Amino acid sequence: MARESTAADVIAHLRPGMRCFVHGAAATPTPLLDALAADPALHDITLYHLHLDGPLAPLDVAHAGRIRSVSLFTGPACRVPIAEGRADYLPVFLSEIPGLFRTRALPLDAALVQLSPPDAHGMCTLGPSVDVARAAVDSAPMLLAEINHRLPRSHGDSAVPLSRVTAWTETDRPLPEHAPTPESPVVARIGELIADLVVDGATLQMGIGAIPDAVCARLGNRLELGIHTEMFSDGVVDLVEAGVITNRRKPILRGQLTTSFVIGTRRVHDFVDDNPTVSFQPSDWTNDTALIRKIPRMTAINSALQVDLTGQVVADSIGHRIYSGIGGQMDFIRGAARAEGGRPIIALPSTAKGGTISRIVTTLDPGAGVVTTRGHVHWVVTEHGAVNLHGLTLRERGERLIALAHPDVREELRREWRGVRNY
Ligand code: COA
């Protein structure tokens with residue numbers, strides 16, 4: 001039976017009430033989502049996903065009540081639906097999402113994925129996003145796919161036999177891209193301070209955004225760096241091409257960059273395409289703290305929205321407003337803290353909203369979600385300096401973090417801090 005058909009025919013395999021995984025980032029299967037939104041017969045559909053990219057028709061207010069999205073890590077398109085109560089957010093470590101699918105604590109009926117075309121052995125791949133998609137594909141009884149001729153073919157634990165796919169539609173469309181953010185003077189300074197903490201032979205974990213790019217831009221004279229991360233972007237490609245990232249001193253998957261997904265421009269997609277030196281692995285493996293702690297000089301660089309004067313790190317919400325997710329921050333911060341010579345780093349500009357709001361605060365905003373606790377935090381970096389909070393008292397932390405705040409707010413923070421702590 002031919003299983004290749006239109007997106008509408010593929011989606012017609014779903015039934016009302018089904019719980020579906022949706023492949024994320026550049027692998028978001030947009031034509032399948034469009035067809036789902038356009039099929040009024042499908043109601044009570046729940047979509048579980050990480051950050052989705054491109055147009056997201058099912059999130060349109062017109063489909064509220066018929067299709068419900070549940071973000072396990074969210075991006076721009078879901079923030080308003082979540083804030084309006086039309087969509088849900090589920091806070092969870094990236095390392096533990098695959099377990100939710102595999103144990104059927106979140107029982108999936110179907111997985112909607114984007115795959116690279118099959119090779120001579122009938123094997124497709126999950127392309128640039130293996131992360132939690134591996135577990136979803138392994139545990140969902142029904143697999144519905146967009147097979148995109150432009151999706152990179154990835155190595156690692158990424159193969160999906162075409163014989164496993166219930167139905168698919170073929171496309172040849174470009175992937176969504178994320179261009180590097182231009183570097184501001186604040187981010188440049190943060191990049192310098194973090195680069196000073198990266199030693200030769202370190203293995204790096206970094207997220208997306210201006211800060212990781214600024215760090216990469218300043219590591220050109222380091223020797224023998226490695227990558228073991230949940231994701232990487234264009235800045236890492238520069239360092240590979242410059243011979244700085246060799247992965248030779250990394251004990252786990254030596255010689256290979258290890259990641260669970262990539263986000264970036266076509267450059268990073270071309271770089272990973274059929275590249276045996278990039279090993280895509282599921283996020284319960286890449287983000288396993290017990291594995292990360294075995295990597296000497298593990299250097300985890302993560303960002304934050306707010307940090308209080310005791311060292312509590314907010315990363316998934318701005319007050320009550322859900323902004324992103326827990327992701328792998330704690331997985332890597334903890335793993336790096338336990339690794340020999342490891343460096344767990346939280347980096348953020350000292351202010352937000354054009355300098356009008358301090359991100360270093362005495363008291364967190366009501367509703368703010370602590371991702372890294374004050375027990376787990378080590379290095380905090382802003383454009384005004386870097387401090388290792390590990391082993392410091394609350395009083396010492398307050399003093400050191402006030403020095404990392406913008407000079408205009410330091411006096412006010414001191415006053416507030418004396419008020420709440422009686423120092
Ligand atoms: N109050 C109000 N607004 C704030 C704010 C605060 N305390 N902190 C930040 N903002 C605003 C910024 O001004 C910016 O707004 P703009 O887009 O209008 O300029 C926006 O929120 C985002 O801030 P920014 O610093 O640019 O965020 P980012 O894109 O660098 O992402 C995190 C930072 C924390 C959201 C991101 O790193 C994350 O999701 N982390 C959690 C997961 C994780 O760490 N995973 C591991 C690595 S992938």
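Residues numbered from 1 in each chain as written. Predicted model: local features only at pLDDT ≥ 70, side-chain atom pairs only at ≥ 80, totals over all residues. Heavy atoms only, no water.

Q: If you had to explain the packing of aromatic side chains to someone new, which residues and values would you point to?
A: One pair of aromatic rings is described through two measures. These are the centre distance and the angle between the planes. Within the structure shown, the criterion is met by 3 aromatic pairs. Summarising the aromatic geometry, the rings of Phe 232 and Phe 271 are spaced 6.3 Å apart at their centres and angled 75° between planes, so their arrangement reads as edge-to-face. Note that Phe 232 is positioned in strand S13 (residues 231–232) and Phe 271 in helix H9 (residues 266–272), a separation of 39 residues in sequence. The class for Phe 271 is buried, based on a relative accessible area of 14%. Just above the ring of Tyr 323 sits the side chain of Arg 79; from NZ or CZ to the centre is 3.6 Å. (Phe/Tyr/Trp six-rings, centres within 6.5 Å; stacked < 30°, edge-to-face > 60°. Helix = DSSP H or I, 4+ residues; strand = E, 2+ residues; numbered from the N terminus. Buried < 20%, exposed > 50% of the residue type's maximum accessible area, 1.4 Å probe, protein only. Lys NZ or Arg CZ within 6 Å of the ring centre and 35° of its normal.)

Q: Run through empty space enclosed by the protein, naming residues and quoting values.
A: Counted under the stated rule, the structure contains 4 cavities of 30 Å³ or more. Roughly 70 Å³ of internal volume is contained in the largest cavity. Considering the residues around the largest cavity, the lining is formed by Leu 47, Pro 58, Leu 59, Asp 60, His 63, Ala 64, Ile 67, Arg 68, Ser 69, Pro 81, Arg 86 and Ala 87. Within this model, the second largest cavity holds a volume of roughly 50 Å³. The wall of the second largest cavity is formed by Met 206, Gly 207, Pro 212, Asp 213, Cys 216, Met 231, Phe 232, Ser 233, Gly 235 and Val 236. At the level of secondary structure, the elements contributing two or more residues to the lining of the second largest cavity comprise helix H7 (210–216), S13 and helix H8 (234–241). The biggest single contributor to the lining of the second largest cavity is H7, with 3 residues. In the lining of the second largest cavity, the residues fall into 6 nonpolar, 3 polar and 1 charged. (1 Å grid on protein atoms, 1.4 Å probe; cavity = no way out; pocket = protein on both sides within 12 Å on 5 of 7 lines; lining within 4 Å. Points joined across faces, edges and corners; volume = space filled by probe spheres on them. Nonpolar A, V, L, I, M, F, W, Y, C, P; charged D, E, K, R; others polar.)

Q: Describe the domain arrangement of the protein chain, naming the residues involved and giving the relevant values.
A: Each domain of the protein chain was delimited in the assignment, giving domain 1 (7–171) and domain 2 (185–421). Its C-alpha centre places domain 1 at a distance of 28 Å from the equivalent point of domain 2. If you look at the interface, domain 1 gives 28 residues, while domain 2 gives 29 residues. Both sides together, the interface formed by domain 1 and domain 2 hides about 2,400 Å², and carbon and sulfur atoms give 62% of it. When the area that domain 1 buries against domain 2 is broken down by residue, the three leading residues are Arg 79, Leu 94 and His 155, summing to 24%. Linking domain 1 with domain 2 are 1 salt bridge. One salt bridge connects Asp 284 with Arg 102, and the closest N-O pair in it is separated by 3.9 Å. Listed by contribution, the elements that provide at least two residues to the side of domain 1 that touches domain 2 are helix H3 (76–83), helix H4 (97–102) and strand S8 (155–156). Here the residues of the side of domain 1 that touches domain 2 sort into 14 nonpolar, 8 polar and 6 charged. (Domains from an automatic or database assignment. Contact = heavy atoms within 4.5 Å. Buried area = accessible area lost by both parts, 1.4 Å probe. Salt bridge = Lys/Arg side-chain N within 4 Å of Asp/Glu carboxyl O.)

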